[in-house]
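Letter by letter, the chains look like this.
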Amino acid sequence: DLHWKITGNLVYDTGKSVTGSGLWLYFEDIPVFWLPWFYYPMNTNYGFRFLPGYTKRWGGFFLSSYVYDIHEEFGDSPLGLGGSTYFNVRTENGIEVGQTVRWRLGETGRGKIKGFYAWDEDYDRYKRHWINDDKYNYANWGSKVDRERYRILLEHRSDFTERDVLNVRAQYLSDSHYLRDFFRDEDREESIPANEAWYEHRENTWAAGATASGPLN
C-alpha cells in the first residue's frame, strides 16, 4: 500500500503541460500540504530561468526570465510564435526589463525581435573615469551615456528554396557602451554591432547575391 497520495484536479494536456488545482498531499489519511494551483510545462524549452551571482562590475545581481509559447512555436501551423520576458536586478545598476518575440514562418523562415530597457543608477561612471583616471580613455571613443538606456535587436532568416536565402540583422543601441556593460559575451564577439541584409542564390557551379550594411546609430 502507498503511504502517500494526492487528491484534487489534474489536467494533462498531451505533450504540453500538467495543470492542477485544489491539490492535497496526504500521508496515510492525514493532509500535510495544500497547493491551490500547479502548472508544469512538459516542454523543457519553456519555463522560468534564474541566475543569481556577484561581479565587481554589477555587484550582486539576479537575472530572471520566463520563456513561453504564444502559438505553436514548434508546431506545424503556418505561423508559430514564442516569447521571453526578462526582469534583471543589479545592485550597482538598478533594474533592467526586456522582451523577446520569436516567430516561425512555416518551415522556411525564423526570426526574433528583442528589446531591453535599463534604468542605470551608475550611468555616470564613465564621466567619473574621464575625470579621475586616464587609463579608461572612454572620452576618445565612447558616446554619451544617460540614465535610461536601451537595446533593440532584429534578426530574421528565410530559406525560400534550397537555393535562395535572405538574412537580416539589425541592432539599435542607446549608447556605445550598452553591450559592454550588460552583454559582455556579445561585446567580446562583436564590439561594434553589424547591421546588414543579404540575399543569396546558389547554383551547382556558381552563386550570386547582394548585401546592404551600415550603422543604424
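Located above this text is the structure these notes cover.
This section reports on the structure supplied with the text.

Side note on the nonpolar core
Here is step 1 of the chain: Residues Trp-58, Phe-61, Leu-63, Tyr-86, Phe-116, Ala-118, Leu-173, Tyr-178, Leu-179, Phe-182 and Phe-183 constitute the largest nonpolar core, which totals eleven residues.
Here is step 2 of the chain: For this core, the secondary-structure elements that each account for two or more residues are β5 (59-71), β8 (109-120) and α2 (178-182).
Here is step 3 of the chain: If one sorts the elements of this core by residue count, α2 sits on top with three residues.
Here is step 4 of the chain: With near-sequence residues (within four places) excluded, Tyr-178 lies in contact with Glu-96, Phe-116, Tyr-117, Ala-118, Arg-149, Tyr-150, Arg-151, Leu-173 and Phe-183.

Remarks on the sheet that holds strand β9 (residues 148-159)
Here is step 1 of the chain: The strand order across the open sheet formed by nine strands is β4-β5-β6-β7-β8-β9-β10-β11-β12, and the pairing between neighbours is antiparallel. Looking at which strands have only one partner, the edges of the open sheet turn out to be β4 (47-55) and β12 (207-213). Averaged over all pairs of adjacent strands, the angle between their axes in this sheet comes to 10°, without regard to strand direction.
Here is step 2 of the chain: Pairing of strand β7 (residues 94-105) with β8 involves twelve bridges; the strand directions are antiparallel. Residue pairing for β8: Ile-95 is matched across the bridge by Trp-119.

A look at the packing of aromatic side chains
Here is step 1 of the chain: Applying the stated criterion to the full structure yields 15 aromatic pairs.
Here is step 2 of the chain: Judged by centre distance (4.9 Å) and plane angle (55°), the ring pair of Tyr-178 and Phe-182 falls under tilted. Within this pair, Tyr-178 and its partner Phe-182 are both found in helix α2, separated by four residues, close to a single helical turn. In this structure, Tyr-178 and Phe-182 share a single accessibility class: buried.
Here is step 3 of the chain: Through a chain of ring-to-ring contacts, three or more aromatic side chains come together here, namely Phe-48, Phe-50, Phe-62, Tyr-66 and Tyr-68.
Here is step 4 of the chain: Over the face of the ring belonging to Tyr-26 we find Lys-5, whose NZ or CZ atom lies 5.4 Å from the ring centre.
Here is step 5 of the chain: Note that Arg-151 overlies the ring of Phe-183, its terminal NZ or CZ placed 4.5 Å from the centroid.

Some thoughts on a negative patch on the surface
Here is step 1 of the chain: There is a patch of like negative charges on the surface, built from Asp-69, Glu-72, Asp-76 and Glu-107.
Here is step 2 of the chain: Note on placement: Glu-72 falls in the loop between β5 and β6 (79-90).

Definitions and cut-offs
- Residues numbered from 1 in each chain as written.
- Predicted model: local features only at pLDDT ≥ 70, side-chain atom pairs only at ≥ 80, totals over all residues.
- Heavy atoms only, no water.
- Core = buried A, V, L, I, M, F, W, Y, C linked by side-chain atoms within 4.5 Å.
- Buried < 20%, exposed > 50% of the residue type's maximum accessible area, 1.4 Å probe, protein only.
- Helix = DSSP H or I, 4+ residues; strand = E, 2+ residues; numbered from the N terminus.
- Contact = heavy atoms within 4.5 Å.
- Pairing = 2+ DSSP bridges.
- Axes fitted to C-alpha atoms, helices over the stretch in contact; angles between N-to-C directions.
- Phe/Tyr/Trp six-rings, centres within 6.5 Å; stacked < 30°, edge-to-face > 60°.
- Lys NZ or Arg CZ within 6 Å of the ring centre and 35° of its normal.
- Patch = residues over 30% accessible without salt bridge, like charges linked within 9 Å, V, L, I, M, F, W, Y side chains within 5 Å.
- Areas by Shrake-Rupley, 256 points an atom, 1.4 Å probe, with all protein chains shown as cover.
- Salt bridge = Lys/Arg side-chain N within 4 Å of Asp/Glu carboxyl O.
- Lys, Arg positive; Asp, Glu negative; His and termini not counted.
- Charge placed at Lys NZ, Arg CZ, Asp CG, Glu CD.

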